[in-house]
Amino acid sequence: MILAEFTLGAQNWLGAAVLLAVLAVVAVVGSYRRGGSASWLRGLAATLKVVGIIALAACLIEPLFTGTRPRPGSNLFLVVADNSRSLQLSDKGQSKSRGAVMQDRLKADIPWLARLGQDFDVRRYVFDMNLRSVKAFDELTLDGEASALKNSLTSLTDRFRGQPVAGILLLTDGNATDLVDAATEAVIDAKAMPPIYPVMIGAESDLADLSVSHVAVSQTNFEAAPVTITATVEGRALPGTKIGLRLIDEAGKEIERRDVANPIEGQPAVERFLLRPEKSGVSFYTIQAFLPGEEKFQEGVGVSREATLANNRRIVTVDRGRGPYRVLYVSGRPNWEFKFLRRALAADDEVQLLGLVRIAKREPKFKFLSRSGERTNPLFRGFGNQSDEQAEQYDEPVLLRLGINDKDELRGGFPKSFEDLFKYHAVILDDIEAAFFTQDQMSLLQQFVSRRGGGLLMLGGKDSFVEGGYQRAAIGEMLPVYLDRAETTAVEGGYRLSLTREGWLQSWIRVRTNEEDEKKRLTEMPEFNSLNTVRAIKPGASVLAEVTAADGTPRPALVAQQFGRGRTAALLIGDLWRWHLRRPEVSDSDLDKSWRQMVRWLVSDVPGRVEVETSRTSIGALPAVQILIRARDLKCEPLDNANVTLKVQLPDNRKVDIVAESSDKSPGQYTALFAPRSPGAYRANVTVTAADGSEVGQREIGWTSEPQTEEFRTLTVNRSLLDQLAQQSGGEVLNANALNQFVSSLPNRKIPIVETWTYPLWHQTSVFILAIACLVAEWGLRRWKGLP
């Protein structure tokens, strides 16, 4: 019904018309009061004459009905339909899917759509991963992998900004996949949008569904299970009390399966899988949840009791390696610690240990037994390096190089330049005095930790810490303990090791998988006889392990701290090798495992020359991955003008080449965008080349694209989001069965461009006929009944 208001076209005649009507009515009433006929007959005749006179008098003031209506074809009305896969679901008790019901409402010959086209310029759109215009809604396929609701509405608002848009009729279930936080209602700001009229497609009742709603990966330096995959499983209206959960590798091999109690609605079940990947680098694993007996239904076998199986799987990316990590071990003499450390790290493919072991200290030149004119050290006589430039000179220590990559590595002893030292990830000092290093070398090592982000570990040999004279050295400043005024009270051995509260929290400190076994292991450890005592630990440092002697006083045994970008640690025990000699099982060495975990911790956060990270973003309405590459030169300074290329391997094993562009946000930073076109796992190899053509480094990364899991994150209609859109934009949530009434009510709503219409009552034939009919009827009644 169109609302209108009553107005007078000739309001200046209102007084005259009222006066004439009053005089005529008074005259008629007076004339009929004198008659002798029956009162009802006189009253009827008087009424007919008065009505006729008033109708004629009303024509003098020209009464009108006026109103507004949309100007035909001048206003836009956008009809937007959801084309995503979630509309393939069928509600309880319904034989048709949600999408089929929507398609019935959008047929070309449907009355409400034809009526809408009479008054408005109707534009038709469908959306899934992106928004596109269609001529008719028979183009709906309902197979979109995502519901870009937010981006579609924003795109329409921007596209028609400044144009007369009367409203947006939105047919959807409200389950958008492009929201910042799907659990938060305030994710779409619709205040600046045209009126949105959401049509809720689907019922608000829950469907039977089991889903893996979230997965997360955490990595530690714990050797037995360095990777933890946490899966969150949700269930709604599920039959039975048990569900299955399994972990699958890239080859489809099942790694672990477990039965889980059916998650109570609103209380997700959280399960953690501990695993040790068989290979380094990037790997992909799949978490699958299933009802009993339905683990193979994903391949299309059988009919599931769930509404959909699209959200039962999640792929997770595990990156286990940026190696090989290079660790430089420097010792003042051959010792047991290096033997066991080297043996332990030989089992780790990602760590390369290089040894620089002094086998003889500096010695003065004695001419008594030397050959005439000989300037080189006779210890090296006969080794084929007799030139003065190559042979070891007097007043130089005799060093043994182990595990080197080429004959020139470490030839001059401990590195003396940034380029030589910064190619290592960590340095371990053991039983070597501070005087072995020059001031420049100690300053270089300090920059290696603070600027390079490297790791430094000092072991408790005889010439370490206070005994090594590090109190006033630059290296001593980096250590997490104070070396001045060390404890002088001597304790005769018998040190028993235990973990502190902070140590229990660090996975790389523990060797066993549970607390009970770890306590047992600590109890069975042998006593140690050598300890470097210190006055105190520095602020910010953490005591991770301590020893207790016969006097009952706890003393620090392992202390760690952050130093600049890197980290330093002090292992104050001097005879840790005893742990290996007194192991209960010959084939199993806890010391080897502890060494590997400690070194992994030391190098785990050391940045390489090429660092890569990924984040989720979008290109328009399309979901995308932003790849951020940071490149550094040999001095760990940002590297500009580099050539950065990526070779991306798609889920179908095809390869795509991408070139990263230099970022204006930070020097040495490069970015690339990649929009996945199909679901699955993606792997990329990043290669960075310097401006002179030399290769800086390579890095492998991986990510996943799973639009179907977000599309089916929830199967219930998101009524709260639709209410928010309608309320903020000035629209209204509509029932799919009431579209005809909605279209009929549009002229009474706020429309950008309208036209005024008038309906003159006085100019209507019916008004003139009414006046004549009343007067003729009165005249005929008087003649018939003989009234005066």
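These figures come from a predicted structure and were not determined experimentally.

**Q** How do you make sense of unusual backbone geometry when you look at a structure like this?
**A** One can expect most non-glycine residues to show negative phi and most peptide bonds to be in trans. A positive phi is found at Cys 636, a non-glycine position, where the angle reads about 65°. Mapped onto the elements of the fold, Cys 636 is located in the loop between strand 27 (622-631) and strand 28 (643-649). Positive phi outside glycine occurs at Asn 653, with the angle close to 75°. Structurally, Asn 653 can be placed in the loop between strand 28 and strand 29 (655-659).

**Q** What should I look at first to understand helix 8 (residues 439-450) in this one?
**A** One full turn of an α-helix is made of 3.6 residues, so residues set three or four places apart face in the same direction. For helix 8, which comprises twelve residues, the first-to-last C-alpha distance of 17 Å matches the rise-based estimate of 16 Å (1.5 Å per residue) to within 8%. Of the positions making up helix 8, those classed as buried are Gln 441, Met 442, Leu 444, Leu 445, Phe 448 and Val 449. Considered in projection along helix 8, the buried side chains sweep an arc of 160° and stay on one side of the axis. Exposed positions of helix 8 whose direction lies more than 90 degrees from the buried face are Gln 439 and Asp 440. Taken together, the buried residues of helix 8 touch helix 7 (418-421), strand 18 (426-430), strand 19 (455-459), helix 9 (474-478), strand 24 (554-563) and strand 25 (566-571).

**Q** Which parts of the structure should I look at to understand the confidence of the model for the protein chain?
**A** Close inspection of predicted coordinates is inappropriate in any region flagged by low pLDDT. Considering every residue of the protein chain, the mean pLDDT works out to 85; 88% of them sit at 70 or more. This model gives residues 181-186 a pLDDT under 50, and the stretch forms six contacts once residues within four places in sequence are excluded.

**Q** Help me out: how do you make sense of the environment of Met 478 in this one?
**A** Counting through the fold element by element, Met 478 comes out in helix 9. Along the chain, Met 478 and Val 449 lie 29 residues apart, while their C-alpha atoms are 8.5 Å from each other. Ignoring sequence-local partners within four residues, the contact set of Met 478 consists of Leu 445, Gln 446, Val 449, Leu 456, Lys 538, Gln 561, Phe 563 and Thr 568.

**Q** Quick question: what am I supposed to make of helix 3 (residues 98-105) here?
**A** Regarding helix 3, the residues found buried are Arg 98, Gly 99 and Met 102. Down the axis of helix 3, the smallest arc covering the buried residues is 95°, so these residues share one side.

**Q** Mind showing me how you'd approach the pattern of salt bridges here?
**A** Where charged atoms from two side chains of opposite charge approach closely, those side chains can pair. Using the criterion set out here, one finds 41 salt bridges in the structure. For Arg 85, the salt bridge goes to Glu 145, with nearest N and O atoms at 3.5 Å. Of the two residues, Arg 85 is situated in the loop between strand 3 (76-82) and helix 3 and Glu 145 in the loop between strand 5 (131-133) and helix 5 (149-159); the sequence distance between them amounts to 60 residues. Arg 85 gets classed as partly exposed once you look at its relative accessible area, which sits at 24%. Among the ionic pairs, Arg 630 bridges to Glu 613, the shortest N-O distance being 3.1 Å. In this pair, Arg 630 sits in strand 27 while Glu 613 sits in strand 26 (residues 610-619), placing the two residues 17 residues apart along the sequence. Since its relative accessible area comes to 29%, Arg 630 is described here as partly exposed. We classify Glu 613 as partly exposed; its relative accessible area is 41%.

**Q** Where do I start with the pairing of strand 25 in this structure?
**A** Here is the key point about a regular strand: its side chains alternate between the two faces of the sheet. Most of strand 25 is tucked away, with six of its six residues classed as buried. Two strands pair when backbone bridges link them, and strand 19 and strand 25 are joined in this way by five bridges, in the parallel orientation. Paired with Leu 459 across the bridge in strand 25 is Leu 571. Pairing of strand 24 with strand 25 involves six bridges; the strand directions are antiparallel. Pairing of Gln 562 across the sheet is with Arg 567, part of strand 25. The hairpin formed by strand 24 and strand 25 contains two residues between the paired strands, and Gly 564 there has a positive phi angle of roughly 60°.

**Q** In this structure, what is going on with the sheet that holds strand 7 (residues 196-200)? I would like to understand it.
**A** Two pairing modes exist for strands in a sheet, parallel and antiparallel, and in both the strands are linked by backbone hydrogen bonds. Strand order in the open sheet formed by five strands is 5-4-3-6-7, with mixed pairing between adjacent strands. Each having just a single partner strand, strand 5 and strand 7 make up the two edges of the open sheet. The mean inter-strand angle of the sheet, taken between neighbouring strand axes irrespective of direction, is 25°. The pairing of strand 4 (residues 121-127) with strand 5 spans three bridges and is classified as antiparallel. For Tyr 125, the partnering residue across the bridge sits in strand 5 and is Ser 133.

So, how was this worked out
Residues numbered from 1 in each chain as written. Predicted model: local features only at pLDDT ≥ 70, side-chain atom pairs only at ≥ 80, totals over all residues. Heavy atoms only, no water. Helix = DSSP H or I, 4+ residues; strand = E, 2+ residues; numbered from the N terminus. Expected span 1.5 Å × (residues − 1). Buried < 20%, exposed > 50% of the residue type's maximum accessible area, 1.4 Å probe, protein only. Arc of directions from axis to C-beta. Contact = heavy atoms within 4.5 Å. pLDDT = per-residue confidence, 0-100. Salt bridge = Lys/Arg side-chain N within 4 Å of Asp/Glu carboxyl O. Pairing = 2+ DSSP bridges. Axes fitted to C-alpha atoms, helices over the stretch in contact; angles between N-to-C directions.

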